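A closer look at the structure
Here is what each chain is made of, one letter per residue.
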Amino acid sequence: MDKFVIRGGNPLLGTVRVSGAKNAALPAMAAALLTEEPIILENIPQVRDIETERKLLAAMGAEVELGYGRAQHRTTICCRNLVNAEASYELVKTMRASTLVLGPLVARMKRARVSLPGGCAIGARPIDLHIGGLKKLGAKISQEHGYIEARAERLRGGRIVFERITVTGTEDLLMAATLAEGETVLENCAREPEVVDLTALLNKMGARIEGAGTPTIRVRGVEQLHGARHRIIPDRIEAGTFIVAGALTGGDLLVSGCEPRHLGALLQKLEECGVQVQTSGDSVRITGDAPIQAADVVTEEYPGFPTDMQAQYMALATQAEGTSIVTENIFENRFMHAQELVRMGAHVRIEGSSAVVHGKTPLSGAAVQASDLRASASLVLAALVADGETIIDRVYHIDRGYERIEEKLRGVGAQIRRIGEFLPKRVVSPGVAV
Ligand code: EPU
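As a starting point, this report considers the structure included with it. Bear in mind that the values here come from a model prediction, so they are computed numbers and not experimental data.

**Points about the overall build of the protein**
Helix and strand counts for the protein stand at 14 helices and 27 strands. The C-alpha atoms of the protein give a radius of gyration of 22 Å, which matches the 22 Å a tight globule of 434 residues would have. If you line up the protein on its principal axes, its C-alpha atoms span 60 × 55 × 45 Å. The proportion of buried residues among the 434 residues of the protein is 55%. Put simply, of all contacts in the protein between residues at least 6 apart along the chain, 73% involve residues at least 24 apart. Counting every atom, the protein has about 18000 Å² of accessible surface; 47% of that belongs to carbon and sulfur. Each charge sign in the protein was given a centre, from 50 positive and 52 negative side chains, and these centres are 4 Å apart.

**Some details on the packing of helix H4 (residues 102–109) against helix H6 (residues 167–178)**
In contact at an axis separation of 7 Å, H4 and H6 are set at 10 degrees when each is read in the N-to-C sense. When the axes of H4 and H6 are compared, the pair comes out roughly parallel. On H6, the residues touching Leu102, Gly103, Pro104 and Ala107 of H4 are Asp172, Met175 and Ala176. When its residues are assigned to classes, the contact of H4 with H6 shows five nonpolar, one polar and one charged.

**Some points on the packing of aromatic side chains**
Following the criterion strictly, the structure yields one aromatic pair and no others. Their ring planes at 75 degrees and their centres at 5.6 Å tell us that Phe305 and Tyr313 sit as a pair that is edge-to-face. For Arg113, the ring lying beneath its charged end belongs to Tyr147, and the centroid distance is 4.0 Å.

**As for the site of the ligand**
Neighbouring residues of the ligand: 21 residues in total, closest Asp128, Thr166, Thr168, Asp308 and Ile330. At 3.0 Å, a side-chain N or O of Asn23 approaches an oxygen atom of the ligand. Take Thr166: an N or O atom from its side chain is 2.7 Å from an oxygen atom of the ligand. Out of a free accessible area of 830 Å², the ligand has 89% covered by protein chains. Of all the secondary-structure elements, those providing two or more residues to the shell around the ligand are helix H1 (22–31), helix H5 (128–136), H6 and helix H12 (373–385).

**Observations concerning the nonpolar core**
One finds Val101 and Leu202 to be the most contacted residues of the largest nonpolar core, which totals 74 residues. The biggest single contributor to this core is H1, with seven residues. Beyond its immediate chain neighbours, meaning those up to four positions away, Leu202 contacts Ala31, Leu34, Leu174, Met175, Thr178, Ala207 and Ile209. Core analysis: the second largest hydrophobic core is formed by 67 residues, Val18, Ala247, Leu316 and Ala386 among them.

**Considering the sheet that holds strand S23 (residues 367–369)**
Read across the sheet, four strands follow the order S23-S24-S1-S25 without closing on themselves; strand pairing throughout is mixed. Looking at which strands have only one partner, the edges of the open sheet turn out to be S23 and strand S25 (415–419). The average undirected angle you get between the axes of adjacent strands in this sheet is 20 degrees. As paired strands, strand S1 (residues 3–7) and strand S24 (residues 389–393) are joined by four bridges and run antiparallel to one another. Bridge pairing in S24 links Val5 to Ile391. Along the sheet face, H12 touches S1, S23, S24 and S25 and points at about 30 degrees away from the line of S1.

**Section: the side chain of Glu194**
Relative to the helices and strands, Glu194 resides in helix H7 (residues 193–204). On the basis of relative accessible area, Glu194 is assigned to the buried category, the value being 5%. In contact with Glu194, not counting residues within four places along its chain, are Asn23, Ala24, Glu171, Ile233 and Arg236.

Cut-off values and rules
Residues numbered from 1 in each chain as written. Predicted model: local features only at pLDDT ≥ 70, side-chain atom pairs only at ≥ 80, totals over all residues. Heavy atoms only, no water. Helix = DSSP H or I, 4+ residues; strand = E, 2+ residues; numbered from the N terminus. Rg over C-alpha atoms; globule rule 2.2 N^0.38 Å. Buried < 20%, exposed > 50% of the residue type's maximum accessible area, 1.4 Å probe, protein only. Contact = heavy atoms within 4.5 Å. Areas by Shrake-Rupley, 256 points an atom, 1.4 Å probe, with all protein chains shown as cover. Lys, Arg positive; Asp, Glu negative; His and termini not counted. Charge placed at Lys NZ, Arg CZ, Asp CG, Glu CD. Axes fitted to C-alpha atoms, helices over the stretch in contact; angles between N-to-C directions. Parallel < 35°, antiparallel > 145°, perpendicular 65-115°, else oblique. Nonpolar A, V, L, I, M, F, W, Y, C, P; charged D, E, K, R; others polar. Phe/Tyr/Trp six-rings, centres within 6.5 Å; stacked < 30°, edge-to-face > 60°. Lys NZ or Arg CZ within 6 Å of the ring centre and 35° of its normal. Near = heavy atom within 4 Å. Polar contact = N/O pair within 3.5 Å; in protein donor to acceptor, adjacent residues only side chain to side chain. Core = buried A, V, L, I, M, F, W, Y, C linked by side-chain atoms within 4.5 Å. Pairing = 2+ DSSP bridges.

Purely geometric stuff here, so don't read any function into it on its own.
So this is what it looks like as structure tokens:
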């Protein structure tokens, strides 16, 4: 298992470029199941979850070609000969977003067998809303041996009102509805940019979807979809993580290749904290080392403050003057990073769904453990301003969603390196290791 070794204290200076959005790329890859023709996706991030989705699709008989060299962020997926409409426990347990294949598989293959994901480090995360929605579209659902089986000769349009807002639930049912007979109206939908990006791809494939980005989405079903080429939007959470890194370390950091319009709630909060933020075109610049002021944060669905930035914001709050109350509204157990931050010297107290953070406390490097993707990012941020050396264990969590984060941070002046659990073999001559 790899670890990161980080020595804190360097202000970040220069330009860091944002990759494509993991959470937009995953549903886009699943959408390829809806057609026999090739789907070409650009700006795919090179992260572990994408590799897991590639394996998932390949196990169904899809041809998934990952680009290399200059085309390394492009992937072409062709689902002409699907042989197996199943997502196995082995893959679903490592990535819950695998359940995104449920809707497209029933729509195209008339049946899907998908493992139930089980619990997760950040909350229970059931998929009852995906299943309830498919039933509304006429699918027959059964459950045995830990798997959900859905069948439908052809899905038919219906009205689905989500009891609570779900991002992948909206995406899953949106995909299912594209091939259903007649019109589907989805209400109380997620408005995340990733839902809008998926809709853009589906419409290029011949779907007839209106209203993405609003709570009500209308889908007029079509007989079949065709191939398309699509560029994935920039990752707003990766961008946000770098922006917070810039604010914490007080340098002069340009976060380029992002979409500032998707970062509204975060940028507004940082301005409230006294951080100097300038946006222009596709970049955000964070400058200065003025003291950071405490500010409360409540996570909400988009366009509110993202739960996926809560852990990183908590790292910032430890360095803010005053008390910040960080309230987590989306997941019931997303404070695993708090205790690790406390081990580094932070004052954080958990009260129900809120964390009370008293700042500013000096942080000191320590051995800490990553528990999930965004918690790991929070520890990296804290380590960048900690005194001495921090060793972060289990960085495979961060590799699921951040592309070469250590190289990107090193490029703007951070002292961060990756070490393997075992010392690398010494190479004596090209290709010969001892
Ligand atoms: N929920 C249900 N039933 C369902 C679906 C969701 O009760 O059938 C609940 C969840 O337990 C949660 C809330 O609804 O309490 C919202 O969950 P949502 O379904 O929106 O989450 P998700 O679609 O599983 C996506 C992102 C997450 C991100 C959340 C919230 C992807 C692949 N994942 O998850 O990203 O935190 O939306 O914005 O898009 C991450 O990237 O680190 C990550 C966890």
